[in-house]
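Each chain, letter by letter, is given below.
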Amino acid sequence: MSLLELRKLNKHFGGLHVTNSVDLTLQTGEIHCLIGPNGAGKSTLFRLILGEHHPGSGDILFAGENITALKSFARIHRGLSVKFQVPGVFKGLSVRQNLEIALQSRQRGAELNAEIARLLAFLGLESEQAQIAGNLSHGQKQWLEIGMAVSLKPRLLLLDEPTAGMSPEETHMTGEMVQRLNADGMTVLAIEHDMAFVRQVAHRVTVLHLGQVFAQGSIDEIVADERVAAIYLGQAHA
Amino acid sequence: MNGFLSLFRRLEGPQTVGRGPAFWGLFALVLAVALAYPLFSDGYTVGNTVYFFVWVFIALSLCLIWGYGGSLSFGQTAFFGIAGYGYGILTINFGSAYGFTLVALVAAVAIAALFAVLLGYFMFFGRIAGVFLGIVTLAVTLMLERFMAQTAGPEWHIGAARLNGFNGMSAMPPLTIPWPGEPIVLFADVGLYYLVLGLLVFVYLALRILMNSSFGNIIVAIRENPERAEMLGYDIRKYQLITFVIGAALAGLSGVLYTVWGQYITPSSMGMTAAALPLIWVAVGGRSDLTSTVIGTLVVLAAFQALTIYGSQYALVFMGVLLVLTVLIAPNGLVLGVMNWLGRLASRLTQRAG
Ligand SMILES: Nc1ncnc2c1ncn2[C@@H]1O[C@H](COP(=O)(O)OP(=O)(O)OP(=O)(O)O)[C@@H](O)[C@H]1O
Ligand SMILES: [Mg+2]
């Protein structure tokens, strides 16, 4: 069964055709990785899915419902959630308050505190809970934001470069985190440049190039594809 | 009952400085002094203190919208003026019998709030933010000032109330509480003092509770990162609008109290200078905290008045210098800086003692 379906999605920024007739279908329960060179239009695709940008044409279906005209917050209520490319934590607030803001609309009182404690443990941020989020390391900010996104218990989790700025060990841990969430039933769409991460988690991979779906398949098929290697020419890849 | 108790727990929280017995003890002490003070003072000085208190409401409105909400509004004096004129027009037409002045107070604040609903809807649902919000609100304020200033002719009247152009409206009745026998008229001394003090304490505590609630959490989240807040499922425009309207009502309350205090209101109360001064009080005090806003406003107002004796132009220059100093030395506010320093000192002392 498909959870997300993009149909002939188009987006222009002035003369720039950033999203070019994109068709993409996500199956419920899969971990899908979106890769592609810088400027390929990956983050823009996320913003279209989230309703921050509106497509010039095309449709976005989520769980069978056409959500193309819905406001962003309403899409979140339908079961979407995101971690942005640039960590979007509330910098001036404590780690704990960041999580509280994410959780407070579904839980209160003792239940809320228990859920915050559970998330802090899941993220390995227990000893940082009183710290101001702006003082965290880049990796910790990434985790905190993943935690906030996950706390909504979304059906589809969008991760834009979740491991940027992380060491190989941290990247691996993040991969395990994503796999655990997926095992609990969360569908994941992740933009990632780190091919080790993609290899670790992806069930399927889509390559975006110049705003178009360039290739799609398993990680092995993608890595073996010479056309894909060609567009990455000059860029490091696995 | 449980809900009631949890309200009181919200008097302290992440959005407000000050907690524990030390803080509330100090609060009680200050309140006791404030309550006793008219007994040891003269009517003129008490009236002057009322004048200071009146401005605290507009400062708190700015603290809410700007300090907590992150939207710089120049429009607070517009709501101040609308409510002030509203009170004048209503009471000049309908008089002060049967407690009508109290109805007029509430109605005038409601008119300002309603105006904020319209303006705020247009701004927030039109996704006007940042500098543009400041520009739009300033433009509205100055337009209102210009408009009121040209209403000198006799054709500009609402019922019996002449608008009087640049000279403004005057001689509206003071607040009058109906009482068996003789109604109690709250002239700008002891009577009005206790009413305004009561309102001030109520508003201060209510805002503390509001800001430390889940609503307050969302407001500061929007200030920190509106995109993230929306992507947690919050309709941020709705929260911005509600904050803006509460702020407008507080500014309106300031306007009504100012009008009953001096029994006049003029267009210049919405002018450029009037719009800039609250920004300075709040910035100097510390816009992101209610307590520092209250203290900062009272201190700066008192200093301003003391300097005005030497000439109001010097006092205005001093205000400008103060603002620049704040931005350079303590961008989060001078009073808030001192408060945080005292807080750290206190916790270090208790640590050493313990
Ligand atoms: N709001 C915008 N206005 C104009 N151009 C934009 C805007 N957002 C993105 N672009 C342009 O669209 C193209 C795609 O950007 P996008 O951020 O989607 O790329 P990306 O694939 O996420 O790249 P990266 O891997 O560097 O994050 C880029 O050329 C970018 O400059
Ligand atoms: Mg990107």
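Everything numeric here is computed off the predicted structure, so don't read it as measured data.

Glancing now at the site of ligand 1. Residue and element names in this part refer to chain A. Inspection of the region around ligand 1 gives 13 residues, with Gly39, Lys42, Ser43, Thr44 and Gln85 positioned closest. The separation between an oxygen atom of ligand 1 and a polar main-chain atom of alanine 40 is 3.2 Å. Serine 43 places a side-chain nitrogen or oxygen 2.8 Å from an oxygen atom of ligand 1. Out of a free accessible area of 630 Å², ligand 1 has 62% covered by protein chains. Listed by contribution, the elements that provide at least two residues to the shell around ligand 1 are strand E2 (16-27) and helix H1 (42-50). Per-element accounting of the shell around ligand 1 gives the leading share, three residues, to H1.

This part covers the coordination of the magnesium ion (ligand 2). Geometry sets the ideal angles at a metal, namely 109.5 degrees for four tetrahedral donors and 90 or 180 degrees for six octahedral donors. Residues and elements named next belong to chain A. Listed as protein donors to the magnesium ion (ligand 2) are Ser43 (OG) and Gln85 (OE1); their distances from the metal cover 2.0 to 2.1 Å. Placement of the pair is serine 43 in helix H1 and glutamine 85 in the loop between strand E6 (80-83) and helix H3 (95-103), with a sequence separation of 42 residues. For glutamine 85, a relative accessible area of 35% translates into the label partly exposed.

A few words on the interface of chain B and chain A. Facing 21 residues of chain B, the contacting portion of chain A comprises 27 residues. Each partner contributes to the roughly 2,000 Å² buried at the junction of chain B and chain A, and carbon and sulfur atoms together form 57% of this total. Considering only the side of chain B, the residues that lose the most area to chain A are Arg228, Met231 and Leu232 of chain B, jointly responsible for 35% of the buried surface there. Applying the counting rule to chain B against chain A returns two salt bridges. Between glutamate 227 of chain B and arginine 47 of chain A there is a salt bridge whose closest N-O contact spans 2.6 Å. Between chain B and chain A we count 14 residue pairs in polar contact (both at pLDDT 80 or more) in total. Looking at the side of chain B that touches chain A, the elements with two or more residues in it are helix H8 (214-224) and helix H9 (226-230) of chain B. Grouping the constituent residues of the side of chain B that touches chain A by class yields eight nonpolar, five polar and eight charged.

All names here are of chain A. Per the domain assignment, the segments of chain A are domain 1 (2-89 + 136-237) and domain 2 (90-135). The C-alpha centroid of domain 2 is placed 25 Å from the C-alpha centroid of domain 1. Listed per partner, the contact involves 16 residues of domain 1 and 19 residues of domain 2. Counting the surface lost from both domain 1 and domain 2, the interface buries some 1,600 Å², and carbon and sulfur atoms represent 66% of this. Inspection of the domain 1/domain 2 interface yields one salt bridge. Salt-bridge contacts for glutamate 115 lead to lysine 153; the nearest nitrogen and oxygen are separated by 3.4 Å. Counting the contacts that link domain 1 with domain 2 gives five residue pairs in polar contact (both at pLDDT 80 or more). Taken together, the elements giving at least two residues each to the side of domain 1 that touches domain 2 come down to helix H5 (138-151) and helix H6 (168-183).

Reading guide: rules and limits
Throughout, a residue's number is its position along its own chain's written sequence, starting from 1. Here chains are named by letter from A upward and ligands by number from 1 upward, in the order in which they appear as written. In keeping with the predicted nature of the model, local features appear solely for residues at pLDDT of at least 70, side-chain atom pairs appear and are counted solely at 80 or more, and the whole-chain, interface and lining totals rest on all residues. Only hydrogens and water are removed before side-chain values are computed, so all heavy atoms of the structure are retained for them. Nearness here has a simple test: a residue counts as near a molecule or strand if at least one of its heavy atoms is within 4 Å of that partner. We define a polar contact as two N or O atoms separated by no more than 3.5 Å, with the added condition that, inside protein, one atom must be a possible hydrogen donor and the other a possible acceptor, whereas residues neighbouring each other in sequence contribute only through side-chain atom pairs. With residues, only the protein chains shown are counted as cover, and all accessible areas are computed by Shrake-Rupley using a 1.4 Å probe. Where helices and strands are cited, they refer to DSSP runs of H or I of at least four residues and of E of at least two residues respectively, numbered from the N terminus. Distances decide who is a donor: an N, O or S atom must be within 2.8 Å of the metal, or within 3.2 Å for Na, K and Ca. Water is not included, so sites may look incomplete. Only protein chains enter the accessibility calculation, which uses a 1.4 Å probe; a residue whose area is less than 20% of its type maximum is buried, one above 50% is exposed, and one in between is partly exposed. Contact criterion: two residues are considered in contact whenever any of their non-hydrogen atoms come within 4.5 Å of each other. The quantity reported as buried area is the accessible area (1.4 Å probe) lost by two parts once they are put together, taken as the sum for both. Any Lys or Arg side-chain nitrogen found within 4 Å of a carboxyl oxygen on Asp or Glu counts as a salt bridge. Polar here means any residue other than Ala, Val, Leu, Ile, Met, Phe, Trp, Tyr, Cys and Pro, which are nonpolar, and Asp, Glu, Lys and Arg, which are charged; Gly is therefore polar. Those domain boundaries reflect an automatic or database domain assignment.

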